[in-house]
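Understanding the architecture of this molecule
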Amino acid sequence: MKRALNGARPPAKAVDTAVVHERIWSAIMDHSLPPETRLVEGELCMIFGLGRTRLRQVLQRLAHERVVTLMRNRGAMVSKPSVQEAREVFAARRVIETSIVETFIKTATRKDVKRLQDHVAREDEAWRNNDRRAMLKLSGEFHLLLAGAADNSILLEYLRDLVSRSSLIIAVYQAPGAAPCPPDAHRELTETLERRERAAIKLMTQHLDHLYKDLILEQRKETGIDLRSVFGVRQ
């Protein structure tokens, strides 16, 4: 590569805010950043090589998605859902996801079913490898994949919000050391959907009820997290 004129170094490649958003969002979703973790702007700017203005755009987007809380004169932190919110989120998911399953039964293509089957295979692999981060991520993505096949962008948007909030709820209220949702329920649901059986509606309700019943709905105190240990320091 030719050197820049006057011996100056070429300008560094601009950091993509979408990439930064995805990294922070994924760290929250897989519980690397638990609720009430302070998102210190100075540290994040250094870690990602991003200016404060552009970092704040990322944090504002995460706040719009309700996974980050912006506090006046105190910066940002990972949101912490209340017990009441936990109840309401899972109640809303029951309503929305049973409707999505009913639509899937009526309108899904063979390609839609194949996508679910391939996804469950990836969940199985994550379990065999004991890859907790992949387990958590893939578990939520299964529900979004199902919603995407229902071809309703509004419901998909609502469900993305609810799945994000569910992940935070599980991070706060699931019993310590409990395993993420196993892929068995998703596999059984996929097999029932392949046969276009309305029993899939009941299976989805039971699946969500199982997730909810595994929660210990009492307030807990979170410990501090070192952001650099999660993301690493940018070189």
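Provided above is the structure to which this section pertains.
So, a few notes on the structure that sits alongside this text. (Residues numbered from 1 in each chain as written. Predicted model: local features only at pLDDT ≥ 70, side-chain atom pairs only at ≥ 80, totals over all residues. Heavy atoms only, no water.)

Turning next to the packing of aromatic side chains. As enumerated under the stated definition, the model contains 2 aromatic pairs in all. Aromatic side chains Phe 90 and Tyr 212 sit 5.7 Å apart centroid to centroid with 55° between the ring planes, which places their arrangement in the tilted category. Of this pair, Phe 90 sits in helix H4 (residues 83-107) while Tyr 212 sits in helix H9 (residues 199-213), and the two are 122 residues apart along the sequence. When sorted by exposure, Phe 90 lands in the same class as Tyr 212, which is buried. Sitting above the plane of the Trp 25 ring, Arg 160 keeps its charged end 4.5 Å from the centroid. (Phe/Tyr/Trp six-rings, centres within 6.5 Å; stacked < 30°, edge-to-face > 60°. Helix = DSSP H or I, 4+ residues; strand = E, 2+ residues; numbered from the N terminus. Buried < 20%, exposed > 50% of the residue type's maximum accessible area, 1.4 Å probe, protein only. Lys NZ or Arg CZ within 6 Å of the ring centre and 35° of its normal.)

Take the environment of Ser 166 next. Secondary-structure assignment places Ser 166 in helix H7 (residues 153-173). Judged by its relative accessible area of 2%, Ser 166 is buried. C-alpha of Ser 166 to C-alpha of Val 89: the two residues are 77 residues apart in sequence and 7.0 Å apart in space. Beyond its immediate stretch of four places on either side in the chain, Ser 166 contacts Val 89, Phe 90 and Arg 93. Within the structure, the side chain of Ser 166 is placed 2.7 Å from the backbone oxygen of Leu 162, a separation counted as a polar contact. (Contact = heavy atoms within 4.5 Å. Polar contact = N/O pair within 3.5 Å; in protein donor to acceptor, adjacent residues only side chain to side chain.)

Our focus in this paragraph is the layout of surface pockets. For the largest pocket, the calculated volume is near 410 Å³. Forming the boundary of the largest pocket are 28 residues, of which Leu 136, Ser 139, Gly 140, Ser 167 and Ile 170 lie nearest the centre. Put simply, the parts of the chain that give the lining of the largest pocket at least two residues each are helix H1 (17-29), helix H6 (132-149), H7 and H9. The element that contributes the greatest number of residues to the lining of the largest pocket is H6, accounting for 7 residues. Residue composition of the lining of the largest pocket, grouped by class: 12 nonpolar, 11 polar and 5 charged. Taken as a whole, the second largest pocket encloses approximately 260 Å³ of empty space. Around the second largest pocket, the lining residues are His 64, Glu 65, Arg 66, Glu 157, Tyr 158, Arg 160, Asp 161, Leu 162, Ser 164 and Arg 165. Per-element tally for the lining of the second largest pocket: the top contributor is H7, with 7 residues. The residue makeup of the lining of the second largest pocket, split by class, is 2 nonpolar, 2 polar and 6 charged. (1 Å grid on protein atoms, 1.4 Å probe; cavity = no way out; pocket = protein on both sides within 12 Å on 5 of 7 lines; lining within 4 Å. Points joined across faces, edges and corners; volume = space filled by probe spheres on them. Nonpolar A, V, L, I, M, F, W, Y, C, P; charged D, E, K, R; others polar.)

As paired elements, strand S2 (residues 68-71) and strand S3 (residues 75-78) share 4 bridges and run antiparallel to each other. Directly across from Met 71, in S3, lies its bridge partner Gly 75. Where S2 hands over to S3, the hairpin turn is made up of 3 residues, of which Asn 73 adopts a positive phi near 65°. (Pairing = 2+ DSSP bridges.)

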